[in-house]
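Per-entry structural report
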Amino acid sequence: MSEPRPPSSAGLDHREVLRRTDAILAERPGDDAAHEARARALLALDRLQEAEMDAMDAVRLDPEEIRYRELLAEIQSRRGEHADAAAEYARLSRRDPGQVAWTLGEAAERIEAADAEKGVEAARRAVRLDPGSFDAQLALARGLVHLGDAAAALPAATRASSLRPGDATAREALADALWLAAREPAAFDEFGALARELSGTDQERVLAKARSLYRQRAGWLGRLLASSRGSFAFALRRGWLQIR
């Protein structure tokens with residue numbers, strides 16, 4: 001009788017993958033591929049803690065398999081464990097320093113983990129590997145903004161915007177850099193434009209930045225307006241607000 005094989009998630013319901021991998025692991029607890037399939041199914045179901053445990057088992061059973069470490073880093077990032085995800089990407093980058101994606105992953109996770117200095121170091125490595133990479137320039141700009149380095153952040157954000165004109169993430173990074181560089185009117189205009197174009201959590205984030213910037217520059221009446229999210233958003237959408 002042939003041994004059960006770890007199922008591919010393609011074309012299978014995620015719960016069916018879990019059922020099949022449970023059967024496989026009951027017979028062969030050391031099947032790293034089954035742990036991987038199970039981790040991917042759990043990730044798709046947003047059962048992140050369990051997904052991380054299976055991904056860690058896959059890594060433990062075959063530490064040299066790159067795919068398992070990439071999966072573990074992805075799950076850790078989703079769980080908000082950005083320092084751990086950064087460490088995984090850093091391990092992968094040391095194996096092959098020419099892989100831009102891993103270096104970018106490390107940069108993004110370092111910045112999310114509030115380790116902007118190491119994030120900028122990783123982003124600079126990514127830029128050296130691929131100067132024309134939008135993602136590398138954007139990561140560098142974001143990291144430099146977090147570091148408070150206006151002189152370097154503004155050129156990096158400008159380069160990112162030029163590589164992908166109109167991209168909302170690049171425009172937000174540029175607005176952040178303009179604000180940091182004390183070019184508040186230009187920053188406010190960009191935040192306002194983004195708040196009118198975006199929706200959901202992205203809109204709320206840029207709207208909060210616009211309100212904060214407006215409060216810094218407004219008189220008492222403007223600060224009163226900005227104290228109400230609804231009133232401020234309405235006035236911003238109508239184009240009634242600006243700062244000088």
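Residues numbered from 1 in each chain as written. Predicted model: local features only at pLDDT ≥ 70, side-chain atom pairs only at ≥ 80, totals over all residues. Heavy atoms only, no water.

A few words now on the overall build of the chain. Secondary structure summary: the chain contains 14 helices and zero strands in total. Moving toward the C terminus, one meets the helices and strands of the chain in the order α-α-α-α-α-α-α-α-α-α-α-α-α-α. For 244 residues, the compact-globule estimate of 2.2 N^0.38 gives 18 Å, and the chain exceeds it by more than 25% at 23 Å. If you line up the chain on its principal axes, its C-alpha atoms span 80 × 40 × 25 Å. The averaged location of the 40 negative side-chain charges in the chain is 7 Å from the averaged location of its 37 positive side-chain charges. (Helix = DSSP H or I, 4+ residues; strand = E, 2+ residues; numbered from the N terminus. Rg over C-alpha atoms; globule rule 2.2 N^0.38 Å. Lys, Arg positive; Asp, Glu negative; His and termini not counted. Charge placed at Lys NZ, Arg CZ, Asp CG, Glu CD.)

Here we come to the packing of aromatic side chains. As enumerated under the stated definition, the model contains four aromatic pairs in all. Seen from their ring centres, phenylalanine 234 and tryptophan 240 are 5.5 Å apart, and the 80 degrees between their planes marks the pair as edge-to-face. Judged by relative accessible area, phenylalanine 234 falls into the partly exposed class, the value being 39%. According to the relative accessible area criterion, tryptophan 240 is exposed, its value standing at 54%. Three or more aromatic residues link up through ring pairs in this structure, and these residues are Phe188, Tyr214 and Phe232. (Phe/Tyr/Trp six-rings, centres within 6.5 Å; stacked < 30°, edge-to-face > 60°. Buried < 20%, exposed > 50% of the residue type's maximum accessible area, 1.4 Å probe, protein only.)

Attention shifts here to the environment of leucine 72. Within the secondary structure, leucine 72 is located in helix α4 (residues 66-78). Separated by eleven residues in sequence, leucine 72 and alanine 83 have C-alpha atoms that sit 12 Å apart. Leucine 72 has contacts with Glu52, Ala55, Met56, Val59 and Glu88, leaving out every residue within four places of it along the chain. (Contact = heavy atoms within 4.5 Å.)

Further remarks concern the packing of helix α6 (residues 100-112) against helix α7 (residues 116-129). Helix packing for two helices is described by the angle between their axes and how far apart those axes are. Packing of α6 against α7 brings their axes to within 7 Å, and their N-to-C directions diverge by 160 degrees. Looking at the two axes, α6 sits roughly antiparallel to α7. Handedness of the α6/α7 crossing: left-handed. Listed contacts from α7 to Val100, Thr103, Leu104, Glu106, Ala107, Arg110 and Ile111 of α6 are Ala116, Lys118, Gly119, Ala122, Ala123, Arg125, Ala126 and Leu129. Residues of the contact of α6 with α7, tallied by class, amount to nine nonpolar, two polar and four charged. (Axes fitted to C-alpha atoms, helices over the stretch in contact; angles between N-to-C directions. Parallel < 35°, antiparallel > 145°, perpendicular 65-115°, else oblique. Left-handed = near helix turned anticlockwise from the far one by under 90°. Nonpolar A, V, L, I, M, F, W, Y, C, P; charged D, E, K, R; others polar.)

A contiguous nonpolar surface patch, about 390 Å² in accessible area, is contributed by Trp220, Leu221 and Leu224. Tracing the chain through its elements places tryptophan 220 in helix α13 (residues 220-226). (Patch = residues over 30% accessible without salt bridge, like charges linked within 9 Å, V, L, I, M, F, W, Y side chains within 5 Å. Areas by Shrake-Rupley, 256 points an atom, 1.4 Å probe, with all protein chains shown as cover. Salt bridge = Lys/Arg side-chain N within 4 Å of Asp/Glu carboxyl O.)

Here the focus is the pattern of salt bridges. Here the structure, examined in full by the defined rule, presents 26 salt bridges. With a shortest N-O distance of 2.9 Å, glutamate 16 and arginine 20 are connected by a salt bridge. On the criterion of helical spacing, the pair formed by glutamate 16 and arginine 20 is a turn pair, its members being four residues apart in helix α1 (residues 14-27). With a relative accessible area of 21%, glutamate 16 lands in the partly exposed category. Measuring nitrogen to oxygen at the nearest pair gives 2.8 Å for the salt bridge that ties glutamate 172 to arginine 205.

For soluble globular proteins, nonpolar side chains are generally found buried alongside one another. In terms of nonpolar packing, the biggest core is built from 40 residues, with Leu140, Phe188, Tyr214, Phe232, Leu236 and Leu241 touching the most fellow members. Of all the secondary structure elements, the ones that give two or more residues to this core are α6, α7, α8 (134-147), α9 (150-163), α10 (168-180), α11 (184-197), α12 (200-217) and α14 (229-237). (Core = buried A, V, L, I, M, F, W, Y, C linked by side-chain atoms within 4.5 Å.)

Turning next to unusual backbone geometry. Comment: phi is negative for the bulk of residues other than glycine, and the bulk of peptide bonds are trans. The residue aspartate 46 is not glycine, and still its phi comes out positive at about 65 degrees. Locating aspartate 46 in the fold gives a position in the loop between α2 (32-44) and α3 (48-61). Phi is positive for alanine 182, close to 65 degrees, though the residue is something other than glycine. Mapped onto the elements of the fold, alanine 182 is located in the loop between α10 and α11.

On to the side chain of serine 133, then. Inspection of the secondary structure assignment puts serine 133 in the loop between α7 and α8. Since its relative accessible area comes to 10%, serine 133 is described here as buried. For serine 133, the side chain forms a polar contact with the main-chain nitrogen of alanine 136, separated by 3.1 Å. For serine 133, the residues in contact, after removing those within four places along its chain, are Leu104 and Leu163. (Polar contact = N/O pair within 3.5 Å; in protein donor to acceptor, adjacent residues only side chain to side chain.)

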